[in-house]
Amino acid sequence: MEPFKMIRYMDEQGNKQDIEGAEAITEDLAKAMYEKMTLVRTFDRKAISLQRQGRLGTYAPFEGQEAAQVGSASALKGEDWLFPTYRDHAATITFGHSLPRVFLYWNGRVEGCVAPEGKHIFPPAVPIATQLPHATGAALAEKWKGTDNAAIVYFGDGATSEGDFHEGMNFASVFKAPVVFFNQNNQYAISVHISRQMNSETIAQKSVAYGIPGVRVDGNDIFAVHFETKKALERARRGEGPTLIEAVTWRYGAHTTADDPTKYRDQEASVQKRPQIDPLLRLERFMKNEGYWDQDWAEEVSSKCAETIESAVAEMESFPEPNVEDIFDYVFEKPTWTIQQQKEEYLQLLRGNQG
Ligand SMILES: Cc1ncc(C[n+]2csc(CCOP(=O)(O)OP(=O)(O)O)c2C)c(N)n1
Ligand SMILES: [Mg+2]
């Protein structure tokens, strides 16, 4: 096979591709994936709407990247580790994060960084690529403890220009850490197109430099993402070390709600691309081709997801008011004297304003 050729389990029209040794795609799996992608898309659209109404602080949308995130995170097991960025809530929700807490994160609440008990989900990394060495470390700790737990770390195309990307991959390769480096190549780092980010043709090929396997998948094909991630996780659990996966995808919307994509790309062209690349449309076509599609079922999924998201919003909004001390108390485990001083000054200021 041509090296780093894009792997597809279904083409753009949803036709199943012949993949040697591929696991069977069952109706149950297709339906479960469709439900999850519908849930996270509903979440994403709701979050934008809440931000526009002033009910969320800011938000980083992922519409277009649902297959990449849901397909990969659904391959994890209970005790695995997940290291997300600010755009990976579809992955964290799939792995069991709480919806109200993911909303709370976007209201700047520390509670939004806390995953449900027993779920190994790190808070989103905003500094680009810092989470890669963390994931390598967590994976190595699991290896040294003798478990078969693995880690997955999410990062964008832009993150490959950071030193931490190389440090995390190199260290993981040398020490055979059970970690999957999951790249979502949405082709932009805010306004910077990938052609200005790197000269290599693919991100997957960067694996060669570290002597680890590299896989390039169609990131809008949920089955390609799911099964290739599952294989990489199984390799990791067998003690064979890390894998780099490049999922080629696209974000339809803005980088964040503070960004205007029309300043750096043709948004009309992005809308025109939707019929070819939309991950939900592709799965729908696949399900129709396979005879799995049922319109009543799809409508029920959509209304159930809307209800689930509405009740998560209500829960987020009924959360106790934030404590202003939180922004000082959670910077370090124990506050440094500078932070202590800032906190006291701020509290004094508030008292002065009240008096
Ligand atoms: C170390 C660091 N440098 C710069 C930034 C500003 N910044 C925020 S998002 C971003 C682009 C990242 O692009 P990519 O890795 O492709 O992820 P995407 O946003 O596309 O998901 C940059 C440069 C940052 N957060 N951290
Ligand atoms: Mg990007």
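Before reading on, note that the structure itself is shown above.
Right, let's walk through the structure included here. (Residues numbered from 1 in each chain as written. Chains lettered and ligands numbered in written order. Predicted model: local features only at pLDDT ≥ 70, side-chain atom pairs only at ≥ 80, totals over all residues. Heavy atoms only, no water.)

## Regarding the overall build of the protein
On a plain count of helices and strands, the protein comes out with 12 helices and 8 strands. Its C-alpha atoms give the protein a radius of gyration of 21 Å, near enough to 20 Å, the size a compact globule of 355 residues would have. The principal-axis extents of the C-alpha atoms in the protein amount to approximately 75 × 50 × 40 Å. Taking all 355 residues of the protein together, the buried fraction comes to 50%. As displayed, the protein offers around 16,700 Å² of accessible surface, 51% of which is attributable to carbon and sulfur atoms. (Helix = DSSP H or I, 4+ residues; strand = E, 2+ residues; numbered from the N terminus. Rg over C-alpha atoms; globule rule 2.2 N^0.38 Å. Buried < 20%, exposed > 50% of the residue type's maximum accessible area, 1.4 Å probe, protein only. Areas by Shrake-Rupley, 256 points an atom, 1.4 Å probe, with all protein chains shown as cover.)

## Details of the environment of F103
On the secondary structure map, F103 appears in helix α4 (residues 99-105). Each C-alpha atom of the pair F103 and E317 lies 9.3 Å from the other, and the pair is 214 residues apart in sequence. With residues near it in sequence (within four places) discarded, F103 still touches F43, K46, A47, L50, L56, I309, A312, V313 and M316. (Contact = heavy atoms within 4.5 Å.)

## Focus: the coordination of the magnesium ion (ligand 2)
Around the magnesium ion (ligand 2), the protein contributes the donor atoms D157 (OD), N186 (OD1) and Y188 (O), at 2.1 to 2.2 Å from the metal centre. All donors of the magnesium ion (ligand 2) belong to a single chain; written as a sequence motif, their spacing is D-x28-N-x1-Y. In this pair, D157 is assigned in the loop between β3 (151-156) and α6 (163-174) and Y188 in strand β5 (residues 188-189), connecting sequence segments 31 residues apart. With a relative accessible area of 13%, Y188 lands in the buried category. (Donors = N, O, S within 2.8 Å, 3.2 Å for Na, K, Ca; no water.)

## What about the nonpolar core?
Counting 68 residues, the largest nonpolar core has F43, L82, F103, I222, F223, L283 and M287 as the members making the most contacts within it. Element by element, the count of residues in this core is highest for helix α1 (residues 27-52), at 9 residues. Setting aside anything within four residues of it in sequence, one finds F43 in contact with Y59, F62, H89, I93, L99, V102, F103 and I309. In this structure, L140, M169, A172 and I203 belong to the second largest nonpolar core, which totals 24 residues. (Core = buried A, V, L, I, M, F, W, Y, C linked by side-chain atoms within 4.5 Å.)

## Observations concerning the pairing of strand β8 (residues 243-248)
Consecutive side chains of a regular strand alternate in pointing toward one face of the sheet and then the other. In terms of residue burial, β8 counts as a mostly covered element, since 6 of its 6 residues are buried. Across the two faces of β8 the burial is the same, with T243, I245 and A247 and L244, E246 and V248 all buried. As paired strands, strand β7 (residues 214-218) and β8 are joined by 5 bridges and run parallel to one another. The residue of β8 that forms the bridge with G214 is L244. Following the backbone out of β7, through helix α7 (residues 222-237) and into the adjacent parallel β8, one traces a crossover that is right-handed. (Pairing = 2+ DSSP bridges. Right-handed = clockwise from strand over helix to strand, strands pointing away.)

## Regarding the environment of Y86
Here Y86 lies in the loop between β1 (81-83) and α3 (89-94). In sequence terms Y86 and W106 are 20 residues apart; their C-alpha atoms lie 9.5 Å from each other. In contact with Y86, other than residues within four places in its own chain, are A60, W106, P124, A125, V126, I128 and H255.

## Notes on the site of ligand 1
If you check the shell around ligand 1, you find 15 residues, and the closest are Y86, R87, G158, N186 and Y188. Contact between ligand 1 and V126: a nitrogen atom at 3.0 Å from a main-chain N or O atom of the residue. The separation between an oxygen atom of ligand 1 and a polar side-chain atom of N186 is 3.0 Å. The fraction of the free accessible surface of ligand 1 (580 Å²) that becomes covered by protein chains is 70%. Considering only residue class, the shell around ligand 1 consists of 8 nonpolar, 4 polar and 3 charged. (Near = heavy atom within 4 Å. Polar contact = N/O pair within 3.5 Å; in protein donor to acceptor, adjacent residues only side chain to side chain. Nonpolar A, V, L, I, M, F, W, Y, C, P; charged D, E, K, R; others polar.)

## Some thoughts on the packing of helix α8 (residues 267-277) against helix α9 (residues 279-290)
The contact between α8 and α9 brings their axes to 7 Å, and the two run at 30 degrees. Put simply, α8 runs roughly parallel to α9. Here α8 and α9 pass one another in a crossing that is right-handed. Facing R274, P275, Q276 and I277 of α8, the residues of α9 in contact are P279, L281, R282 and R285. The residue makeup of the contact of α8 with α9, split by class, is 4 nonpolar, 1 polar and 3 charged. (Axes fitted to C-alpha atoms, helices over the stretch in contact; angles between N-to-C directions. Parallel < 35°, antiparallel > 145°, perpendicular 65-115°, else oblique. Left-handed = near helix turned anticlockwise from the far one by under 90°.)

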